[in-house]
Amino acid sequence: GAGVSQTPSNKVTEKGKYVELRCDPISGHTALYWYRQSLGQGPEFLIYFQGTGAADDSGLPNDRFFAVRPEGSVSTLKIQRTERGDSAVYLCASSPRAGDSNEQFFGPGTRLTVL
Amino acid sequence: DAKTTQPPSMDCAEGRAANLPCNHSTISGNEYVYWYRQIHSQGPQYIIHGLKNNETNEMASLIITEDRKSSTLILPHATLRDTAVYYCIVRVAPNIFSSGSARQLTFGSGTQLTVLP
């Protein structure tokens, strides 16, 4: 079946611009996560959704970052006034159930480059 | 403070067993050991997890020491496609009452495994 998909696969933007990154989770998965991975590092947690609500956004680095999941399926990560330090691979993951899923299914990521 | 310690890199000959170590000396009684791997340009992939008993699935085996302070992921017959970064993660198994912080995965730097032909 279809896995987690993310679009675009690559995004190049200029400093100060606004970007949106999209995540399509596996159909029926209620939990959705965003992570950010800098070069040579492991992924870092950003935000977790349970259904439509952000259950934990403690990993968002500052208020330039925002994410939504209005219908409990597709999610969009939004970055305002991008900075060069925002350059990274942004990963999305989903889990099948609300409570006890041990496995997170990851998408291929969006590589964001801020010039 | 890092919860796990892994060697930064390892090599393994194709067809041989790959044994990837992980130290987690401060693991709590209710924390599990999870392993994920990340092949180049892909997202991480779940491999296996365990609490205290050894576990085996179609991908790998997980051996956890009796004191639970360390573990070893074993790929019994490594192939070139197993070349990846392997992450050992210590985490409380989530349940329906878990907070968001209990559900997230906290990755370290992992071990770059290179399977050599």
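The structure this text deals with has already been given above.
Presented here is an overview of the structure given in this document.

Criteria and thresholds
Residues numbered from 1 in each chain as written. Chains lettered and ligands numbered in written order. Predicted model: local features only at pLDDT ≥ 70, side-chain atom pairs only at ≥ 80, totals over all residues. Heavy atoms only, no water. Helix = DSSP H or I, 4+ residues; strand = E, 2+ residues; numbered from the N terminus. Rg over C-alpha atoms; globule rule 2.2 N^0.38 Å. Contact = heavy atoms within 4.5 Å. Areas by Shrake-Rupley, 256 points an atom, 1.4 Å probe, with all protein chains shown as cover. Pairing = 2+ DSSP bridges. Core = buried A, V, L, I, M, F, W, Y, C linked by side-chain atoms within 4.5 Å. Buried < 20%, exposed > 50% of the residue type's maximum accessible area, 1.4 Å probe, protein only. Salt bridge = Lys/Arg side-chain N within 4 Å of Asp/Glu carboxyl O. Disulfide = S-S within 2.5 Å.

**Here's the deal with the overall build of chain B**
Along the backbone of chain B there are one helix and nine strands. In chain B, the succession of helices and strands from N to C terminus is β-β-β-β-β-β-β-β-α-β. Taking 117 residues into account, the globule formula puts the C-alpha radius of gyration at 13 Å, and chain B, at 14 Å, falls close to it. Seen through its C-alpha atoms, chain B measures out along the principal axes to roughly 45 × 30 × 30 Å. Sequence separation of at least 24 residues holds for 59% of the intrachain contacts in chain B that already meet a minimum separation of 6. Within the structure as shown, chain B displays about 6,100 Å² of accessible surface, and the carbon and sulfur contribution to it stands at 50%.

**Focus: the sheet that holds strand S7 (residues 70-75) of chain B**
Residues and elements named next belong to chain B. Across the sheet, four strands lie side by side as S2-S7-S6-S5; this open sheet has antiparallel pairing. Strand pairing shows two members of the sheet lacking a second neighbour, strand S2 (18-23) and strand S5 (55-56), which therefore form its edges. Pairing between S5 and strand S6 (residues 61-64): two bridges, direction antiparallel. Following the sheet pairing, Thr56 is matched in S6 by Ser61.

**Quick notes on the nonpolar core**
Membership of the largest hydrophobic core comes to 21 residues, with the highest contact counts inside it found for B:Leu20, B:Trp35, B:Leu73, B:Leu75, B:Tyr86 and B:Leu113. Here the element with the most residues in this core is strand S8 (residues 84-92) of chain B; it accounts for four residues. Residues A:Cys23, A:Trp34, A:Ala67 and A:Leu112 belong to the second largest nonpolar core, which totals 20 residues.

**Here's the deal with the pairing of strand S9 (residues 88-95) of chain A**
The side chains of a regular strand alternate, first on one face of the sheet and then on the other. Residue and element names in this part refer to chain A. With eight of eight residues buried, S9 is to be regarded as a mostly interior element. Side chains of S9 alternate between two faces, with Ala88, Tyr90, Cys92 and Ser94 and Val89, Leu91, Ala93 and Ser95 buried alike. Bridge analysis of strand S4 (residues 31-37) against S9 gives seven bridges, and the strand direction is antiparallel. Paired with Tyr33 across the bridge in S9 is Ala93. Judged from the three bridges that link them, S9 and strand S11 (residues 110-114) form a sheet pairing that is antiparallel.

**Examining the pattern of salt bridges**
Side-chain pairs of opposite charge can arise whenever the charged atoms involved come near each other. Using the criterion set out here, one finds five salt bridges over all chains in the structure. For the salt bridge of A:Arg22 with A:Asp24, the shortest nitrogen-to-oxygen distance reads 2.7 Å. A residue is classified by how much of its surface remains accessible, and A:Arg22, at 38% relative accessible area, is partly exposed. Overall, the relative accessible area of 22% leaves A:Asp24 in the partly exposed class. Residue B:Asp82 is joined to B:Arg37 by a salt bridge in which the shortest nitrogen-to-oxygen separation is 2.8 Å. Of this pair, B:Asp82 sits in the loop between S7 and S8 while B:Arg37 sits in strand S3 (residues 31-38), placing them 45 residues apart in sequence. The two residues B:Asp82 and B:Arg37 agree in class, both being buried. A single salt-bridge network, built from bridges that share partners, covers A:Arg64, A:Glu83 and A:Asp86.

**Description of the state of the cysteines**
Going through the model one piece at a time under the given rule, you end up with two disulfides over all chains. Through a disulfide, A:Cys23 is tied to A:Cys92; the S-S separation comes to 1.8 Å. Torsion about the S-S bond of the A:Cys23 and A:Cys92 cystine: about -65 degrees, corresponding to left-handed handedness. Of this pair, A:Cys23 sits in strand S3 (residues 19-24) while A:Cys92 sits in strand S9, placing them 69 residues apart in sequence. Under the relative-accessibility criterion, A:Cys92 is labelled buried at 0%. Paired through a disulfide, B:Cys22 and B:Cys88 show a sulfur-sulfur distance of 2.1 Å. Judged by the sign of its S-S torsion, about -80 degrees, the bond between B:Cys22 and B:Cys88 is left-handed. Here the residue B:Cys22 occupies a position in strand S2, and B:Cys88 occupies one in strand S8, the gap between them amounting to 66 residues. Judged by its relative accessible area of 2%, B:Cys22 falls in the buried class.

**Points about the pairing of S11(A)**
All names here are of chain A. Along S11, the buried face is formed by Thr110, Leu112 and Val114; none of Arg111 and Thr113, which line the opposite face, is buried. Bridge count between strand S2 (residues 10-13) and S11: four bridges; the pairing is parallel. Bridging across to S11, Val12 finds its partner in Thr113.

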